[in-house]
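Coordinate analysis (summary)
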Amino acid sequence: MEALQTKAKELLAAGTVQVAIGYGKGTGNARRPLFVTKPERAADLIVDAACTQNLATYLTKHEVRVMGRMAVVAVPSTLRSILQLAAEKQIREEQVLALAVIDGQVRELATFEAIEEAVATIPDAMSEADRNMIDKLSAMSVPERRAFWADELVRCVKCYACRASCPMCYCERCTTDVNRPQWIPVASHAVGNLEYHVMRAMHLAGRCVECGTCGKACPVGIPVHLLTIYAEDSVRRQFGQRGGASAKLDYAMSTFKPDDKEEFIR
Amino acid sequence: MAEPFEPKITAFVCNWCTYAGADLTGTSRIKYQPNVRVIRLPCTGRIDFMMVLKAFTRGSDGVIISGCHPNDCHYTSGNYHARRRWMVFRDLLEFVGIDLERIIFSWVSAAEGAKWADLVNEVTSKVRALGPYRELRQLAAVGID
Amino acid sequence: MARVGVFVCHCGENIAGTVDVAAVAKAALDMPGVVHAVDYKYMCSDPGQTLLKDAIKEKKLDGVVVAACSPRMHEPTFRRAAEEAGINPFLCEMANLREHCSWVHDKGAATTEKAIDLVRLQVEKVKRDRPLQPIRVPITKKALVLGGGIAGIQAALDIANSGNPVLLVEKSPSIGGHMSQLSETFPTLDCSQCILTPRMVEVARHPLITLYTYSELEKLDGFIGNFKATIRRKARKIDEKLCNGCGVCQQKCPVKKIPDEFNEGLSFRPAIYVPFPQAVPNKPVIDVKNCTYYKTGKCKACEKLCPTKAIRFDQEDIVEVHDVGAVVLATGFKTMPVGNFSEYGYGKLKDVIDGMKFERLASASGPTGGAIRRPSDGKEPQHVVFIACAGSRDRLKGVPYCSKVCCMYTAKHAMLYRHKVHGGQATVFYMDIRSAGKNYDEFVRRAIEEDGVKYVRGRVSRVYEEDGQLVVKGADTLLGAEPVEIRADMVVLATAVQAQNDAEELAQKLHVSYDPYKFFAEAHPKLRPVETNTAGVFLAGACQAPRDIPETVAQASGAAVKVAGLFSQPTLTREPIIAVVDRQPPPVFSSCVGCFLCKSACPYQAIEEEVIKNRNGDVLKVVAKVNPGLCQGCGTCVSTCRTKAIDLEGFSNEQVFAELMCI
C-alpha cells in the first residue's frame, strides 16, 4: 500500500500524470473511487482485498480525461479493460498509465505492450463464487433456469447502475436509449428486463473482462454479471478468444473462421 | 371444443438464398403449412439478435432463421458473422431459460425449394406439439399483483 | 399520416385461385394508414400499372404495397411505375402472395389470413420507407471472360466488336475447349475445327482482346462495374515473345510417353508441347510434372536446341490484378468418367470408350487420322454399340437430368462410323430419342433410315469381355423387354455432361448461385437466362446446363449484349440499399462512438473513419462512415453496432421492428 502511495505521489509530483484514480475509504469497510490530483493526497489511497471495483470505467469519462494523463490503480480485470478500450479506439497510450496491483506488488505499466505482457500471465478471471453459481445454474433444467431469472429480473428497476459501472458500457447512446424503434421498453417489467439484460450480455460477449463490477453495482442484488460472464465464457469456449487480451482489435463477434464449429444449423 | 392450436412461426431469411429458395418452393408448387410469416432481410448478417427476442416477446411460438450455406453468402461472409452471433446467442438464451426447441437455424439455398417446405412443415408440426409459447408472455405478468 | 395504397393482384388464377383477394383488399382498408385498396386481375399488365399510377396521383398516395408475386420478380416493374406516377420508387413494397402463399398452400381461410398478414407486414414497412436516391458509380469498361471454349470465344468477340476491351482467360495452354476436339458437328456434319479455328485466330488478332491462356482466376473482389480480378498466369517456362512456334523443342524432347489430353489419351505427347497443331497461341508449355529437368535437374534438351533461346526454366507464375466492369462465366463442362460405370467395366475394358474418345478417333486430325480403330489392338471394329444415357437420367448415378447433347451426337457417331466402315454394324441403345431442334430429328431419321443404324430401345445392363470381344447384354423394351445380347468390337458410352470439378469453388469465388449439380444458376429461369444473382456476372454455355454448340453461341452472344448494354451507360446506377451512419447536430455529431468493431465485420472494407474537427482543427470525434461506392448493403455492420448508429436503408431497424410489431 505504501509502495502505491509513494509511486502515485512521485508520478503526480513529477507531472507524469495529472490524476491518479484509485480506491479510498468509503462508508464502513467499503471502498470508493478516489481521484487524487495533488501529490500530498496520495496517502489517502488504499489497496486491500476490498478494492474490487473496476476503475477503468472512469478512463472514458470526459470529466476525468480533461484533467490530463491518468494513472489508474489496476486490478487484473482493469488491465484487460484498458486493452479492450485501446482496441476499440477509446483510449490512447499517452492518456493512461496503469498501477497494477498483482499479488500485492505494485507495478507501473506505462505502455500497452507492458500491459499485454502482464495480462498474458493472468489466468482467466472468473471468480470461484461466479463459477459455482454458473455451474449451479447450468445444472438446472431450462424451466428452472427460466424461473430463476424471472424471479431475479422482475426486481430490476432499470436504474442502469450495471451499465454505468461497466468499463465497456461507454457508448454515448445505449440501445436502451434508442426510441426509434424502442428496442427495450422504458417501463420495468420482467419481459423488457430480460430483453435488456440479454442485450447487454450479447453486447459484452467477447468484450467482457469478467470484473463482476456490474453485479456488485446492482442495488437490488441481481447477479447480472453472471450473464455477461457467461456470454464471455461462451465466446472463449467456442472461439478461443477473450476480451481484453490485446490492444489491437481482436473482437470475436465481428470476425469469423470459415470452420467455426456448431451442431445446430441444419 | 376449443379450436386446435395453430402456432405462429416467424422466419428471418436472407434475400439471396432462403427467400429465393422459398420462391422456388412456390414455383415448384410444393405445399407446406401456412403458419409461417417471412421477414425478408438482405443477409443473415443483418439479423440482429434483438429481432429474434422481439419475435418471441411479440407472440411467436417458433422462430426460423435461415440463410445461405457457408461459402455461398451473396455478400461473401455475412452468414459466417451471423453464425458466430447465433452460436453465442443460442448459448445465452439457453442460460436464461429460453426453450431452444423453438428457435431453428437452417441453411437453405436458392436451389433448395423442397428443403424450405420440409423445414417449415417440420418446425410448424414440432411447435404445434410443443404448444403455445406462454412462458415468455407470462413473464409480462410476473411481479404484477 | 401516411397515405398507403394496397393493390392486390389475382395473377389470373395463380393467386385468386387459392386466396380470397377481395377479402385481402377489404382487410387492407382497415389497416392504419391505408387509404386505398383494390384487387385486380393482372397488376403487372399495362392496365394494371395504369391503375396503380392513377391511384397514386388521384389519392395522393405516399406509399404503395403491391400484393402479387415475389419482389425478386416484379419489384423493379412496380417501382418504375411508382416513379412514373411521381413518387420515389423506394416507397413501393411488394407482398409475396404468390410464391410464398397461394402456390404453396391450399385454398382456405388460413391461406387468406396469411395473405392479409403478409400485406400487413409490408404496409407497416412501407410507412417507414424513406425516399432514396440511386447511387451513381463509374464503370470500368472492360470485360473479363472466363473460359476459352466456343462460349468464351463468341462472348469475347462480340464484346470486343462492340468496342469494349476484353480479357479472355483460359486455364489450359490453348483456347478452343471441347469444340476443338470434336470431329464433325451435328446436324450439318461440318468439320468442327474448320468452323472453330478461324474464330480462335480472330480472338488472337483482335486488337481489343487480351488473351491469357494457361491462366486462372484467383479471386474476384468488388462489384458490378468495379470488379478487381486477380489472375494467376501460370509459368509456361517459355518466353512467349521470343518463341516462334517452330516446334523443334517438341521433336527433341526425350520424354515421349505422356498421355495426350487433347486426344483423350489415345496418343502420346512430349513434356514440352503445344496441345494441338491449331492451338492458339501456338506456343508450347513445359509440363513441369513430367519434364526430366524438373525431376532430375538434368536434360535441358529443349533449351539447347531452341533456335530463338526462348526456354525459361526459372520462369515463375505471375499474379496480376485487373480492373474489370463485368464478368462472363464460360467455363464449360466435363463428362462423367467411364470409371464410374461398374456395369460397363469400370473403364478397365480398353474398347469401352466415351464419346469424346470417339470424336478423336473420327477426327481427321486425330491419332488415327480419322480411321475408326479400336484402342486395344488398333483393328477396325466391325460392330460398334453406342449406349445413350450413360449416367444421364440416372438417379443412382447422381444425374437425374438429361444431358441434352447425347442423343444427337450418338446419332452422329453412328452415322460417321457407318460412313467410315462401310460393312460395319452400328447399334444404339437408347431410352428416348430427344432430338428437338432445327433439322435435328431429320438428322436422327437419316442415321436410321439412310445409314442403317440400328436403334434398340432399352438399357444395357452389362458389358463384359469374352474371347477378345465385348458382350453387351441389354433388353429391347419395344419387344416386350426381350433380352438382347450383342457381341461387339467396341462400345461407345454417351456419358453424362457434368459441371466442371472446380465449378463450386469458382461459384463461391464469384458469389454466384449454383444448382445441386453445381451448374451455375441463372437469375431467372426464363426471363434472365444469361444473368446471375450477382450483378455484373453473366453466363454462357455449358457451365450453366448441358448445351449444344448453337445454343452455346446464342447464349454467349446474349451475355455479350448484356455486357455491351452495361458498358454503354456513362455511369452505373446502383440501388441505394446501403448502410448509413447517423449524423446529428453538435455536440453529439453522431451516436457512433467510434469503436470500429463494424470495420472488421464488413465484407467490403466499406467502413471508413471520419474525423470531425472544430473550427480550430481540433479533433472532436472520430466516427464511422460508410463508403457508398463500396457498401453492398448486407447489413452485417448494422447488427454489430451496439449504439444502433448504423442503419440500413430499405431494411432499417424501424422497418423491421414495425414488421415484428404486427406479427
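Here, residues in each chain are numbered from 1, in the same order as that chain's written sequence. To read the labels, note that chains go from A and ligands from 1, taken in the order they are written. Only residues with pLDDT of at least 70 get local features here, since the model is predicted, and only at 80 or more are side-chain atom pairs given and counted; chain-wide, interface and lining totals rely on the full set of residues. As a rule here, side-chain values come from all non-hydrogen atoms in the structure, and water together with hydrogens is ignored.

Tallying secondary structure elements over chain B gives 5 helices and 4 strands in all. Numbering goes from the N terminus for both helices and strands, where a helix is a DSSP run of H or I of at least four residues and a strand is a run of E of at least two. Mapped from its N terminus to its C terminus, chain B presents α and β elements in the order β-α-β-α-β-α-β-α-α. In terms of C-alpha radius of gyration, chain B reaches 16 Å, essentially the compact-globule figure of 15 Å for 145 residues. Counting over 145 residues, chain B shows a buried share of 69%. A separation of at least 24 residues holds for 82% of the contacts in chain B among residues at least 6 apart in sequence. Residue burial considers only the protein chains on display, and all accessible areas are found by Shrake-Rupley using a 1.4 Å probe. If you sum the accessible surface of chain B, you get close to 4400 Å²; carbon and sulfur atoms cover 52% of it. Positive charges come from Lys and Arg, negative ones from Asp and Glu, while His and the chain ends are left out of the count. Here the site of a charge means atom NZ of a Lys, CZ of an Arg, CG of an Asp or CD of a Glu. Computing the positive centroid from 18 side-chain charges and the negative centroid from 15, chain B places the two 5 Å apart. Throughout, radius of gyration means the C-alpha value; the globule benchmark is 2.2 Å times the number of residues raised to the power 0.38. Partly exposed describes any residue whose relative accessible area lies between the buried limit of under 20% and the exposed limit of over 50%, with all areas from a 1.4 Å probe on protein chains only and scaled to the type maximum. Throughout, a residue-residue contact means that at least one pair of heavy atoms, one from each residue, lies within 4.5 Å.

Assigned secondary structure in chain A consists of 10 helices and 5 strands. Against the compact-globule benchmark of 18 Å for 266 residues, chain A has a radius of gyration of 19 Å, which places it among compact chains. Overall, chain A is about 60 × 45 × 40 Å in size when its C-alpha atoms are taken along their principal axes. Counting all 266 residues of chain A, 56% fall into the buried class. Summing over all exposed atoms, chain A offers an accessible surface of approximately 11400 Å²; the carbon and sulfur share of this is 52%. The centroid of the 33 positive side-chain charges in chain A is displaced by 5 Å from the centroid of its 32 negative side-chain charges.

Let us look at the side chain of C:Lys237. Residue and element names in this part refer to chain C. With respect to the helices and strands, Lys237 occurs in the loop between β12 (226-233) and α8 (248-252). Although buried, Lys237 forms no salt bridge, and the nearest oppositely charged side chain, Asp317, lies 6.0 Å from it. Residue contacts for Lys237: discarding those within four places in its chain leaves Ile286, Val288, Tyr294, Ala310, Ile311, Arg312, Phe313 and Gln315. In the sections that follow, a salt bridge refers to a side-chain nitrogen of Lys or Arg positioned within 4 Å of a carboxyl oxygen of Asp or Glu.

Here we take up the sheet that holds strand β2 (residues 34-40) of chain C. Sheet strands line up and pair through hydrogen bonds in the backbone, either parallel or antiparallel. All names here are of chain C. Two strands qualify as a pair provided DSSP detects at least 2 bridges between them. Spatial strand order, β2-β1-β3-β4: 4 strands in an open sheet with parallel pairing. Only two strands of the sheet have a single partner each, and these edge strands are β2 and β4 (92-96). Within the sheet, the average angular offset between the axes of one strand and its neighbour, ignoring direction, is 15°. For helices, the axis comes from a line fit to the C-alpha atoms of the stretch in contact; other axes are also lines fit to C-alpha atoms, and the angle between any two N-to-C directions lies between 0 and 180 degrees. Those strands touched by helix α1 (residues 21-29) are β1 (4-9) and β2, and its axis lies near 175° from that of β2. Across the sheet, helix α5 (residues 109-127) is in contact with β1, β2, β3 (63-68) and β4; its angle to β4 comes to roughly 165°.

Take the interface of chain C and chain B next. With 49 residues of chain C at the contact, the number on the chain B side is 48 residues. Summed over both partners, the accessible area lost on bringing two parts together, with a 1.4 Å probe, is the buried area. Of the roughly 4200 Å² buried between chain C and chain B, counting both surfaces, carbon and sulfur atoms make up 56%. The largest contributions to the chain C side of the interface with chain B come from C:Arg72, C:Trp103 and C:Ile663, which together make up 16% of the buried area. Taken together, the links from chain C to chain B amount to 5 salt bridges. Between C:Lys644 and B:Asp48 there is a salt bridge, and its shortest N-O distance comes to 2.4 Å. Here a polar contact means two N or O atoms within 3.5 Å. Within protein one must be a hydrogen donor candidate and the other an acceptor candidate, and residues neighboring in sequence count only if both atoms are side-chain atoms. Linking chain C with chain B are 21 residue pairs in polar contact (both at pLDDT 80 or more). Mapped onto the side of chain C that touches chain B, the elements with two or more residues apiece are α3 (71-84), α4 (98-102), α5, α16 (597-601), α17 (636-640), β34 (646-648) and α18 (653-661) of chain C. All residues other than Ala, Val, Leu, Ile, Met, Phe, Trp, Tyr, Cys, Pro, Asp, Glu, Lys and Arg, Gly among them, are scored as polar; the first ten of these are nonpolar and the last four charged. Taken together, the residues of the side of chain C that touches chain B break down into 20 nonpolar, 18 polar and 11 charged.

Once that is clear, we can look at the interface of chain A and chain B. Contacts between the two partners involve 47 residues from chain A, matched on the other side by 38 residues from chain B. Carbon and sulfur atoms supply 69% of the area buried between chain A and chain B, which totals about 4100 Å² over both sides. On the surface where chain A and chain B come into contact, there are 5 salt bridges. Between A:Glu195 and B:Lys54 there is a salt bridge, and its shortest N-O distance comes to 2.8 Å. Counting across the chain A and chain B interface gives 20 residue pairs in polar contact (both at pLDDT 80 or more). Those elements that provide at least two residues to the side of chain A that touches chain B are α5 (128-139), α6 (142-153), α8 (190-204) and α10 (225-239) of chain A.

All names here are of chain B. Pairing is parallel in the open sheet, where 4 strands are placed in the order β2-β1-β3-β4. Strand pairing shows two members of the sheet lacking a second neighbour, β2 (36-41) and β4 (103-107), which therefore form its edges. Ignoring which end each strand starts from, the neighbouring axes of this sheet average 20° apart. Across 6 bridges, strand β1 (residues 9-14) lies against β2 in parallel orientation. Residue pairing in the sheet places Ile9 in a bridge with Val36 of β2. Where helix α2 (residues 49-57) meets the sheet, it contacts β1, β2, β3 (62-67) and β4, and its direction lies at approximately 150° from that of β3.

Another point: the state of the cysteines. Any two cysteine sulfur atoms lying within 2.5 Å of each other are counted as a disulfide. In the structure shown here, the tally under the stated rule is 2 disulfides over all chains. Disulfide pairing places B:Cys17 opposite B:Cys68 at an S-S distance of 2.3 Å. Taking the torsion about the S-S bond as the criterion, the B:Cys17 to B:Cys68 disulfide, at about 100°, is right-handed. Note that B:Cys17 is positioned in the loop between β1 and α1 (18-27) and B:Cys68 in the loop between β3 and α3 (78-95), a separation of 51 residues in sequence. Across the pair, B:Cys68 and B:Cys17 agree in class, each one buried. For C:Cys191, the disulfide goes to C:Cys194, at an S-S distance of 2.2 Å.

Turning our attention to the pattern of salt bridges. Pairing between side chains of opposite charge can happen when the charged atoms of each approach one another. If you walk through the whole model with that rule in mind, you get 70 salt bridges over all chains. Two residues, A:Lys7 and A:Glu10, come together in a salt bridge whose shortest N-O distance is 3.9 Å. Of this pair, A:Lys7 and A:Glu10 both sit in helix α1 (residues 2-14), separated by 3 residues, roughly a single helical turn. Given a relative accessible area of 45%, A:Glu10 falls into the partly exposed group. The residue A:Arg146 makes a salt bridge to B:Glu135 at a minimum N-O spacing of 3.9 Å. Within this pair, whereas A:Arg146 is found in helix α6, its partner B:Glu135 is found in helix α5 (residues 134-139), the two belonging to separate chains. Here the residues in one salt-bridge network are A:Arg80, A:Arg131, A:Asp135, A:Glu210, A:Glu232, A:Asp233, A:Arg236, A:Arg237 and B:Asp91, joined through shared partners.

Attention shifts here to the nonpolar core. Nonpolar side chains tend to gather and get buried jointly when the protein is soluble and globular. In this structure, A:Leu79, B:Phe12, C:Val6 and C:Val119 are the most contacted members of the largest nonpolar core, which totals 248 residues. Residue contributions to this core peak at 9 residues, all from α8(A). C:Val338, C:Tyr401, C:Val491 and C:Leu510 belong to the second largest nonpolar core, which has 48 residues in total. Definition of nonpolar core: a set of buried residues of the types Ala, Val, Leu, Ile, Met, Phe, Trp, Tyr and Cys, connected through side-chain atoms within 4.5 Å.

Moving on, we come to α2(B). Residue and element names in this part refer to chain B. Of all 9 residues in α2, 9 are buried, a share of seventy percent or more. Among the residues making up α2, those that are buried are Phe49, Met50, Met51, Val52, Leu53, Lys54, Ala55, Phe56 and Thr57. Where α2 terminates, the next one or two residues include Gly59, which has phi positive at roughly 110°.

What follows concerns the confidence of the model for chain B. Scored from 0 to 100, pLDDT records how confident the predictor is in each individual residue. Predicted confidence across chain B gives a mean pLDDT of 92, with 94% of residues reaching 70 or more. We note a pTM of 0.81 for the whole complex and an ipTM of 0.95 for its interfaces.

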